[in-house]
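# Overview (structure and organization)
Each chain is listed here by its residues.
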Amino acid sequence: MTGHDGDTERTFAALPPAHGRGFAQTWWGQAWLRALEDAALDSGQVKTGRRIARAGAVGAVSVRPGRITAVVQDHDRTTHRADVLLAELSAEQWDRLLDMAVERAGHVAALLDREMPPHLVEDAASEGIELLPGLGDLEPECDCGAWDHCGHTAALCYQVARLLDQDPFVLLLMRGRAEPALIEDLQDRSAAPVEEAPEPEGVDAAEAYAAGDILPPLPETAEVPEKPGSPPSLDTETPPGPGVDPVAVRHLAARTAVEAHRLLAHALRRPSERPATVVGLTAAQDAVRLAVDAPDPTLTERLAHGSGRDPQSLADATRAWRLGGAEGLSVLEEEWTPSGDTLARARAALDSAWDEDERPSLRAEGNRWTAVGAPAQVRLGRDGRWWPYRQVRERWILAGPAALDPATALSSAELSSAEPQR
């Protein structure tokens, strides 16, 4: 790579032929290719471009604000200059984008690690700033005379997807800002203003040190019990009052002990190790929590009726709770439609999870992708994880814990489908 014109242009040497998996492995690289593939009027030209790029026939790529350029060689060894244009951000848009980036330290750290933070893209989109190209944003120009994307401009886009995988600053340069200037702006905005130190409060250090011998030592950190405690016995040989169900009271006490144990373990973990806290459960959701390990069929029937479920759907819900807590239950009972960057990341994950010749046929409906001809399905949770499901008669039940990629989740669902049906 060499720099030109004050680092506002970068030139990348020609890449070797691409073998094996697809061109883009990152979600932002996949989104770049989707902008090409969804907008091209002739899918045959896109396929031609992919073959040209895979053969290593794209020369050095020049990247500068608003434009990428390369010389592309045809199969007959004729060469063509191909350009792809992408609109630059305005100065006002850059100011807003940089202000948002420094609000979260993770945004800056991710960029410096050559990653594109999803939340930065989502926050920018909410302010009307599109970092990643959308439908029709990649405008082709080629000396072959084509007015739409030809094989040469498509090959250039596929080659740039490989560059984007390695360095998202390539995209930011196309949008109008070079890396050195961008880093300098981020550092300037991150620097906190120097404030005059307040007058110290408290006691003199020498006095505090002298009193150290008389202060009691700090208590040791409490250990989390291996399992929840047992509630006290309610067997007082006194008949229960009107409307009091001893079985229900004992079960409520036992579930309260389980919840207290969970809260204690949560409080004593380091912040980075803490799972998401379950808050704001509805009555129907809390009924599922209480139904876990319910000791009496009558109690289970009461919880099913009170939550608007039949016994079978309550059993499916408690299974989901055991495997995934409140998030697992939400994925079981809520169908939603991903959109925007969430949908782009989901499609990118599905496209990169399998090699092209191994990719299963999936039918999409909302946040659910069902394997065609197989009783297996994966569902996307709102937290970005993938949940495996298997079909039992007319029902879909959770087959195992969530996975970070759809291939692992679908494999878990297919293996679970071999279990006896209930």
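Residues numbered from 1 in each chain as written. Predicted model: local features only at pLDDT ≥ 70, side-chain atom pairs only at ≥ 80, totals over all residues. Heavy atoms only, no water.

### What to know about the pairing of strand β6 (residues 139-142)
To keep it simple, the criterion reads: Between buried and exposed lies partly exposed: a residue is buried under 20% and exposed over 50% of the maximum accessible area for its type, with that area taken using a 1.4 Å probe on protein chains only. Under the scheme used here, helices are H or I runs from DSSP no shorter than 4 residues and strands are E runs no shorter than 2 residues, and both carry numbers assigned from the N terminus. In this scheme, strands are said to pair when DSSP sees at least two bridges between them.
Residues Pro140 and Cys142 line the buried face of β6, whereas the alternating positions Glu139 and Glu141 sit on a face that is not buried. With four bridges connecting them, strand β5 (residues 79-85) and β6 associate as antiparallel partners. Bridged to Ala82 within β6 is Cys142.

### Some remarks on empty space enclosed by the protein
Inclusion rule: Method remark: on a 1 Å grid restricted to protein atoms, a set of points is classed as a cavity if a 1.4 Å probe fits but cannot get out and as a pocket if it is open with protein on both sides within 12 Å along at least five of seven lines; lining residues have an atom within 4 Å of a point. Grid points are joined across faces, edges and corners, and a volume is the space filled by probe spheres set on the points. All amino acids are sorted into three groups, where Ala, Val, Leu, Ile, Met, Phe, Trp, Tyr, Cys and Pro are nonpolar, Asp, Glu, Lys and Arg are charged, and the leftover types, Gly among them, are polar.
In total, this model carries one cavity of 30 Å³ or more according to the counting rule given. The computed volume of the largest cavity comes to approximately 70 Å³. Only α3 (91-103) and α8 (179-190) provide two or more residues apiece to the lining of the largest cavity. Element by element, the count of residues in the lining of the largest cavity is highest for α3, at four residues. Of the residues assigned to the lining of the largest cavity, the class counts are eleven nonpolar, no polar and no charged.

### Considering unusual backbone geometry
Most peptide bonds adopt trans geometry, and most residues besides glycine take a negative phi value. If you check the backbone angles, Arg77 has positive phi at about 75° while not being a glycine. Here Arg77 shows up in the loop between β4 (67-73) and β5.

### Examining the pairing of strand β11 (residues 395-398)
Relative to β11, strand β10 (residues 386-392) runs antiparallel, the two being bridged by four bridges. Across the sheet, Arg390 pairs through a bridge with Ile397, a residue of β11. Hairpin connection between β10 and β11: a loop of two residues separates the two successive antiparallel strands, and Arg393 in this loop has a positive phi of roughly 55°.

### What about the environment of Ala409?
This is how the line gets drawn: We call two residues in contact when some of their heavy atoms are within 4.5 Å.
Within the secondary structure, Ala409 is located in helix α15 (residues 406-416). Given the relative accessible area of 1%, Ala409 is considered buried. Ala409 has contacts with Val378, Trp386, Trp387, Pro388 and Ala403, leaving out every residue within four places of it along the chain.

### Some thoughts on the sheet that holds strand β9 (residues 376-380)
Filter applied, for reference: Axis geometry follows a simple rule: fit a line to the C-alpha atoms, using only the stretch in contact for helices, then measure angles between N-to-C directions, giving values from 0 to 180 degrees.
Ordered in space as β7-β8-β9-β10-β11, the five strands form an open sheet in which the pairing is antiparallel. The open sheet is flanked by β7 (362-365) and β11, the only strands paired with a single partner. If you compare each strand with its neighbour and ignore which way they point, the axes differ by 30° on average. Here β7 runs beside strand β8 (residues 368-371); their pairing, made up of four bridges, is antiparallel. Following the sheet pairing, Glu365 is matched in β8 by Arg368. Sitting on the sheet, helix α13 (residues 311-333) is in contact with β8, β9, β10 and β11, with an inclination near 45° to β11.

### Concerning α13
Stated formally: Working rule for helices: expected span equals 1.5 Å times residues minus one. Two axes are fitted around each residue, one to the seven residues ending there and one to the seven starting there, and the angle between them is reported as the bend at that residue. Polar contact is the term for a pair of N or O atoms within 3.5 Å; when the atoms are in protein, one must be able to donate a hydrogen and the other to accept it, and sequence-neighboring residues count only if both atoms are side-chain atoms.
Helix length check: α13, at 23 residues, gives a terminal C-alpha distance of 15 Å against a target of 33 Å (1.5 Å per residue), a shortfall beyond 12%. Its maximal kink placed at Gly324, α13 deviates by approximately 135°. Where α13 is concerned, the buried positions are Leu314, Asp316, Ala317, Thr318, Arg319, Ala320, Trp321, Gly325, Gly328, Leu329, Val331 and Leu332. Its buried side turned inward, α13 meets α11 (283-291), α12 (297-306), β8, β9, β10 and β11. The N-terminus of α13 is capped by Asp310, whose side-chain oxygen sits 3.1 Å from the backbone nitrogen of Gln312.

### Points about the packing of aromatic side chains
Quick reminder of the rule: For this analysis, a ring pair means two rings from Phe, Tyr or Trp (six-membered ring only for Trp) whose centres lie within 6.5 Å, classed as stacked if their planes differ by under 30 degrees, edge-to-face if by over 60, and tilted for the remaining angles. To sit over a ring, a charge needs its Lys NZ or Arg CZ within 6 Å of the ring centre and within 35 degrees of the ring normal.
On inspection of all chains with the given rule, the structure shows two aromatic pairs. Their ring planes at 85° and their centres at 6.0 Å tell us that Trp27 and Trp28 sit as a pair that is edge-to-face. Assigned by exposure class, Trp27 and Trp28 land together as buried. Sitting over the face of the ring of Tyr389, Arg379 holds its NZ or CZ atom 3.9 Å from the ring centroid. Positioned over the ring face of Trp336 is Arg382, at 4.5 Å from the centre of the ring.

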